[in-house]
Amino acid sequence: MFLLRDRGRWAAASLGKRLPSCRLRSDSAAPCRAHFDVVVIGGGHAGTEAAAAAARCGSRTLLLTHRVDTIGQMSCNPSFGGIGKGHLMREVDALDGLCARICDQSGIHYKVLNRRKGPAVWGLRAQIDRKLYKQNMQKEILNTPLLTVQEGAVEDLVLTEPEPGYAGKCRVSGVILGLAQTLEKLGFVVGRLKTGTPPRLAKDSINFNILNKHTPDDPSIPFSFLSETVWIKPEDQLPCYLTHTSPRVDEIVLANLHLNSHIKETTRGPRYCPSIESKVLRFPNRLHQVWLEPEGMDSDLIYPQGLSVTLPAELQEKMIACIRGLEKARMVHPGYGVQYDYLDPRQISPSLETHLVQRLFFAGQINGTTGYEEAAAQGVIAGINASLRVSRKPPFIVSRTEGYIGVLIDDLTTLGTSEPYRMFTSRVEFRLSLRPDNADIRLTFRAHKDAGCVSPQRYERASWMKSSLEEGMSALKSIEFSSSKWKKLIPQAPISINRSPPVSALDVLKYEEVDMELLASAVPEPLKKYTAYRELARRLKIEANYESVLLYQLQEIKEVQRDEAFQLPQDLDYLTIKDVSLSQEVREKLHLSRPQTIGAASRIPGVTPAAVVNLLRFVKAAQQRQAGVTEHQTN
């Protein structure tokens with residue numbers, strides 16, 4: 001996506017017609033039919049979130065896409081969320097993004113994964129009706145104020161001299177339609193990744209009766225903080241089914257490796273969502289899960305999750321027939337592999353603006369990620385920061401201590417990636433604090449204050465929830481009885497009657513057997529009112545569970561934030577600076593990644609602790625010298 005306007009005007013053709021080969025420039029003296037602050041290239045999951053975010057921030061935004069009717073298209077799996085990915089969706093929603101609300105209007109099977117573990121790592125997930133999602137997303141995008149959608153293909157950038165005070169060798173001031181200039185020619189490092197997709201199966205050809213049936217959650221938990229319920233009742237949702245591969249599948253794969261395109265290629269594929277061929281090679285003599293997932297309420301297709309494959313179609317059919325329940329399954333579309341270019345994400349800053357070209361932002365698969373959720377998370381941040389850049393305001397940065405989005409972007413911009421990057425809870429240091437249930441408290445107020453991208457409705461909802469949680473926690477702490485009295489009031493709770501000091505209602509709520517409804521039935525006043533809203537009652541239970549351990553984690557977060565607070569100069573030339581002991585290798589790594597804080601510099605592979613200390617000393621000394629010069633000039 002591209003931020004275009006500084007103080008100039010922007011031309012765009014009318015909606016619904018393809019743009020001719022022409023220039024869109026900020027310094028054009030020609031009459032213009034429309035004015036745009038931000039232009040977003042591409043109507044995928046990153047592009048739609050970016051365009052909507054920029055428009056919410058008050059920027060007149062143009063979304064350029066090859067075809068308007070493909071906006072909201074789910075190109076691969078028919079699902080959103082999951083472990084780690086569900087956190088990203090909640091955070092995108094807390095920033096007033098779109099995908100969570102659209103999923104609440106389009107899902108056909110809602111399930112929370114990882115429930116055997118604590119709420120901090122629960123993974124909200126839903127099977128999505130492809131057609132409904134596309135319809136609802138297009139309706140949202142095409143009715144967003146300040147957002148214009150236009151069909152067209154962009155192949156080049158108009159580049160001018162860089163703005164003083166910002167990193168970059170040039171700045172983008174427009175786009176050219178219909179010519180050929182690649183980002184690689186600008187000096188961006190380009191890599192290549194691969195991914196794959198499974199075959200699609202005819203629903204009526206599968207023997208579901210012998211398979212393990214999985215029903216949705218009742219009640220279903222929505223993705224969005226604005227949704228009290230999802231659009232469809234649990235009893236009307238569609239089930240998923242679980243089956244497994246067989247030893248015969250391994251035999252077919254191993255006997256035909258020479259025909260497998262992904263095995264022959266040296267391009268790196270997804271480690272955590274590998275093809276069936278990769279799984280057979282990596283984990284021999286195992287049975288692998290295959291989830292049979294519906295693609296829509298009225299769809300005749302089934303998506304066999306876990307069966308990505310690039311073998312020839314006839315061999316795919318043989319392999320499918322060796323799987324329980326699929327013996328007579330009919331393959332409608334074969335699976336296939338995809339290779340794609342990406343740009344090394346160490347070439348972008350945490351705001352997602354590129355180091356090389358000012359006012360040029362990258363978001364989505366171009367940064368080496370995989371998944372709708374990772375794309376949406378980058379898109380909303382890029383859109384917000386593009387709008388802030390127009391008004392010359394500081395960028396909106398989510399740190400590792402504030403959200404999964406911060407971890408995602410920090411990993412990409414400091415570590416880069418050599419395989420399709422996917423979000424997991426294991427990547428996050430402060431999981432107890434960065435839970436899916438509290439994303440609104442963590443991000444909505446910051447987004448409202450620092451970015452202006454949050455609607456009044458969302459701000460009011462988050463404010464009500466925050467005050468209700470604080471009031472509820474205070475009430476729970478204020479109610480104290482002896483352990484013996486609690487035992488009489490709530491015999492289900494395993495409270496030891498030998499506990500001598502008074503026990504608070506908050507302590508009782510921490511027991512697994514106790515929820516707010518049970519507690520309120522024992523102590524109606526003042527607790528009953530906190531059970532009227534199911535989401536509030538659920539969140540009070542989670543807050544109680546983590547209340548004590550969070551004190552330790554908050555101290556760890558403060559220690560990390562001290563490092564993150566020390567900003568490195570944007571215009572620091574790591575390759576030529578003197579009076580600092582840095583190896584050539586370290587200089588090159590710092591030059592490529594251009595970390596914004598000393599904490600980010602410390603996470604770059606190959607940047608030693610000694611180098612970090614030397615850099616810190618150098619920057620502090622330079623700042624002290626500058627402060628001395630300024631003071632002398634003032635006197």
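Our structure's up above, just so we're on the same page.
What you are looking at is a predicted structure, and each value in this text was computed from that prediction instead of being measured.

Asks: Explain the pattern of salt bridges to me, please; I cannot follow it from the model alone.
Replies: Oppositely charged side chains are able to pair whenever their charged atoms sit close together. Throughout the structure, instances matching the rule amount to 36 salt bridges. One salt bridge in this structure joins E293 and R125, with 3.0 Å as the shortest N-O distance. Separated by 168 residues along the polypeptide, E293 in strand β15 (residues 289–294) and R125 in strand β7 (residues 123–128) bring together distant segments of the chain. Across the pair, exposure class does not vary: E293 and R125 are buried alike. We note a salt bridge from E535 to R538, for which the minimum N-O separation is 2.8 Å. Residue E535 and its partner R538 are located together in helix α17 (residues 534–565), separated by 3 residues, close to a single helical turn.

Asks: I keep staring at the packing of helix α2 (residues 85–94) against helix α10 (residues 404–415) and nothing clicks. Help me out?
Replies: Two packed helices can be described by the angle between their axes and the distance between those axes. Contact geometry of α2 with α10 gives a least axis separation of 8 Å together with a crossing angle of 110°. Taken together, the axis directions place α2 and α10 in an arrangement best described as roughly perpendicular. On the side of α2, the interface is formed by H87, L88, E91 and V92, while α10 contributes Y404, I405 and L408.

Asks: Looking at this structure, how should I read the packing of helix α5 (residues 247–255) against helix α8 (residues 313–320)?
Replies: Where α5 contacts α8, the two axes come as close as 9 Å, and the packing angle between them is 160°. The pairing of α5 with α8 is recorded here as roughly antiparallel in orientation. Crossing hand, α5 versus α8: right-handed. Counted together, V249, I252 and V253 of α5 and L315, K318 and M319 of α8 form the full contact between these two elements. The residue inventory of the contact of α5 with α8, partitioned by class, reads 5 nonpolar, no polar and 1 charged.

Asks: Is there a simple way to explain the sheet that holds β7 in this structure?
Replies: In any sheet, the strands associate via hydrogen bonds between backbone groups, in a parallel or an antiparallel arrangement. An order of β5-β7-β6 is seen for the 3 strands of this open sheet, with the pairing classed as antiparallel. Each edge of the open sheet is held by one strand with a lone partner, namely β5 (79–81) and β6 (107–113). Put simply, the sheet's adjacent strands are angled 15° from each other on average, direction ignored. Pairing of β6 with β7, which is carried by 6 bridges, proceeds in the antiparallel orientation. Pairing of L113 across the sheet is with G123, part of β7. With respect to the sheet, α2 is in contact with β5 and β7, its orientation differing from that of β5 by roughly 80°.

Asks: Explain the packing of aromatic side chains to me, please; I cannot follow it from the model alone.
Replies: The geometry of an aromatic ring pair is captured by two quantities: the separation of the ring centres and the angle between the planes. Enumeration over the complete set of coordinates arrives at 7 aromatic pairs. Ring centres of F445 and Y459 lie 5.7 Å apart, and the angle between their planes is 80°; this geometry places the pair in the edge-to-face category. Of this pair, F445 sits in helix α11 (residues 439–451) while Y459 is found in helix α12 (residues 456–478), placing the two residues 14 residues apart along the sequence. On the basis of relative accessibility, which here comes to 31%, the residue Y459 falls in the partly exposed class.

Asks: When you look at the pairing of strand β14 (residues 240–244) in this model, what are you seeing that I'm missing?
Replies: On a regular strand, each side chain points to the face opposite its neighbour's, so the side chains alternate between the two faces of the sheet. When you tally the buried positions in β14, you get 4 out of 5 residues, the bulk of the element. Pairing geometry for strand β13 (residues 212–214) and β14, over 3 bridges, is antiparallel. Bridge assignment links N212 to a residue of β14, and that residue is L242. Bridging between β14 and β15 involves 4 bridges; their strand directions are antiparallel. Across the sheet, the residue bridging to Y241 is L292, located in β15.

The rules behind each value
Residues numbered from 1 in each chain as written. Predicted model: local features only at pLDDT ≥ 70, side-chain atom pairs only at ≥ 80, totals over all residues. Heavy atoms only, no water. Salt bridge = Lys/Arg side-chain N within 4 Å of Asp/Glu carboxyl O. Helix = DSSP H or I, 4+ residues; strand = E, 2+ residues; numbered from the N terminus. Buried < 20%, exposed > 50% of the residue type's maximum accessible area, 1.4 Å probe, protein only. Axes fitted to C-alpha atoms, helices over the stretch in contact; angles between N-to-C directions. Parallel < 35°, antiparallel > 145°, perpendicular 65-115°, else oblique. Contact = heavy atoms within 4.5 Å. Left-handed = near helix turned anticlockwise from the far one by under 90°. Nonpolar A, V, L, I, M, F, W, Y, C, P; charged D, E, K, R; others polar. Pairing = 2+ DSSP bridges. Phe/Tyr/Trp six-rings, centres within 6.5 Å; stacked < 30°, edge-to-face > 60°.

Honestly, that's just the spatial picture; any functional story needs more than this.
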